[in-house]
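# Descriptive analysis of the structure
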Amino acid sequence: MNYTRSSALFVQAEKVIPGGVNSPVRAFKAVGGTPIFVKEAKGAYLFDEDGNRLIDYINSWGPMILGHAHEPVVNAVVDKAKKGTSFGMPTEIETQIAELAVAMVPNIDKIRFVNSGTEACMSAVRLARGFTGKDKIIKFAGCYHGHSDSFLIQAGSGAVTFGAPNSPGVTQGTAKDTLLARYNDIENVKQLIDANPNEIACIILEPVAGNMGCIPPKEAFLEDLRSLCDAHNILLIFDEVMTGFRLAKGGAQELFNVNADIVCFGKVIGGGLPVGAFAARNEIMEYLAPLGPVYQAGTLSGNPLAMAAGLAMLTEIHNDSELFNRLEEKTAYLHKGIAEALQANNVTHTINRVGSMISVHFDKDPVVDFDSAAKGNNDTFKTFFHGLLNEGIYIAPSAFETWFITDALSYKDLDDTIAAVRVVAKTL
Ligand SMILES: *Cc1c(COP(=O)(O)O)cnc(C)c1O
């Protein structure tokens, strides 16, 4: 495949944008080469600046669950745009999408819209701290909750009591309030709670981890976290920015039948426009300004274009009772096809999958947490990535990312993808 124009555009971009990208995951740092510049997209396909057609397994990192340029979403945005793009005043559509979200998601009474998943998680933690009057939070190594300071803390070694900043610019003062636990390790969480009595405001996690590949919660892990939170007056925050409106209408809360105290959204809820949201029961949400003392605001929050895209998206998802079954079946089909292609060529691998989230790891052991995800063979991944790209299949340029399956994929697309894996597997 020819990427001449993409490469030239990247050189130009690098001169005026740090690293040539507005979000680091878009750069090809982990796999080598230069990013593909996309020109347009429709359904399951991306069309790049060199005229290549790629089958897309990133789907804007999740939002395009119904495919690119999905007509009801596009039409809703175009219609709204003609009537003004921002007012800084309340609009009816904000209530409409809030009503729909509250109807679809279990256990929430009120929802507040923001502009990104980062903002949603950052605000949820502030609310949890304000509500409980406690400062510390527990997060899990390998879980991503956006780029706000409290979350940019990575696992050092073993039982960490005080986190160490892993991005310069995050102060020690902030880092010391973020405690790190191992995903799927309830004993580790208990130790942290015991070591910090009456200090922990919340535990935040991805109920299915999606930012270290796809890692399902172990049997009873979510239930045990719920019980620990209840016993210690800690709020449980599900970061459903990835899983919300993807794993079920009501997200992971519905799929696993475990209630969180605060739920964060992003990605699908915006239908491809910049939207995040956080939601909880009345008692908690009423702690938020202007009703309560915890401040949170946004000039463009609830923006009419963003709300139009989100409302159109959620409406489609709400009205399509077969959507999640179709997504499950397509992803299971892909899972089986990839596994067979890799096995036939004796490629050591582990595939994790929950619903329409799937990841391929080049390691024989189960991938259950950050450490087991990190030990996969990155050289094999690089060859896999570039091999697939050459075959017209676009997966995320990092071994730590989940593939997002869109309903726009046909079985022919899935067969083409599996055929491509068969070709690439011979080179691994
Ligand atoms: C993408 C993501 C975020 C951050 O959302 P942005 O819109 O990129 O700020 C937070 N949490 C999870 C689980 C995510 O996948």
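Remember, it's a predicted structure, so these values are computed and weren't measured experimentally. (Residues numbered from 1 in each chain as written. Predicted model: local features only at pLDDT ≥ 70, side-chain atom pairs only at ≥ 80, totals over all residues. Heavy atoms only, no water.)

## Focus on the domain arrangement of the protein
Interface size is often expressed as the accessible area that is lost when the parts come together. Under the domain assignment, the protein is made up of domain 1 (4–69 + 323–425) and domain 2 (71–319). If you average the C-alpha positions of domain 1 and of domain 2, the two centres end up 25 Å apart. Listed as interface residues are 29 residues of domain 1 and, on the opposing side, 33 residues of domain 2. Buried surface at the junction of domain 1 and domain 2, summed over both partners, amounts to about 2400 Å²; 69% is from carbon and sulfur atoms. Here domain 1 and domain 2 share 1 salt bridge between them. (Domains from an automatic or database assignment. Contact = heavy atoms within 4.5 Å. Buried area = accessible area lost by both parts, 1.4 Å probe. Salt bridge = Lys/Arg side-chain N within 4 Å of Asp/Glu carboxyl O.)

## So, the site of the ligand
Taken together, the neighbourhood of the ligand is formed by Ser 116, Gly 117, Thr 118, Tyr 144, His 145, Gly 146, Glu 206, Asn 211, Asp 239, Val 241, Met 242 and Lys 267. One of the backbone nitrogen or oxygen atoms of Gly 117 is found 2.8 Å away from an oxygen atom of the ligand. Contact distances for the ligand include 2.6 Å between an oxygen atom and a side-chain N or O atom of Lys 267. When its residues are assigned to classes, the shell around the ligand shows 3 nonpolar, 6 polar and 3 charged. (Near = heavy atom within 4 Å. Polar contact = N/O pair within 3.5 Å; in protein donor to acceptor, adjacent residues only side chain to side chain. Nonpolar A, V, L, I, M, F, W, Y, C, P; charged D, E, K, R; others polar.)

## What to know about helix α14 (residues 411–425)
Spanning 15 residues, α14 covers 21 Å between terminal C-alpha atoms, matching the ideal 21 Å at 1.5 Å per step. Within α14, burial applies to Asp 413, Leu 414, Thr 417, Ile 418, Ala 420, Val 421, Val 424 and Ala 425. Axial view of α14: buried residues confined to an arc of 155°, hence all on one face. On its buried face, α14 sits against β2 (45–48), β3 (53–56), α11 (323–344), α13 (378–390) and β15 (393–394). (Helix = DSSP H or I, 4+ residues; strand = E, 2+ residues; numbered from the N terminus. Expected span 1.5 Å × (residues − 1). Buried < 20%, exposed > 50% of the residue type's maximum accessible area, 1.4 Å probe, protein only. Arc of directions from axis to C-beta.)

## As for the packing of aromatic side chains
Applying the stated rule across the entire model yields 13 aromatic pairs. Between Phe 245 and Phe 265, the ring centres sit 5.1 Å apart and the planes meet at 40°, which makes this aromatic pair tilted. A residue pair is termed long-range when its members are at least 10 positions apart, and Phe 245 in the loop between β10 (235–239) and α8 (251–256) and Phe 265 in strand β11 (residues 262–265) qualify at 20 residues. On the basis of relative accessible area, Phe 245 is assigned to the buried category, the value being 1%. Between Phe 370 and Phe 400, the aromatic rings sit 6.0 Å apart at their centres with planes inclined by 15°, giving stacked as the arrangement. Placement of Phe 370 in helix α12 (residues 370–374) and of Phe 400 in the loop between β15 and β16 (403–404) is noted, with a sequence separation of 30 residues between them. With a relative accessible area of 21%, Phe 370 lands in the partly exposed category. Each member of the aromatic cluster is reached from another via a ring pair, and the members are Phe 28, Phe 381, Phe 385 and Tyr 394. (Phe/Tyr/Trp six-rings, centres within 6.5 Å; stacked < 30°, edge-to-face > 60°.)

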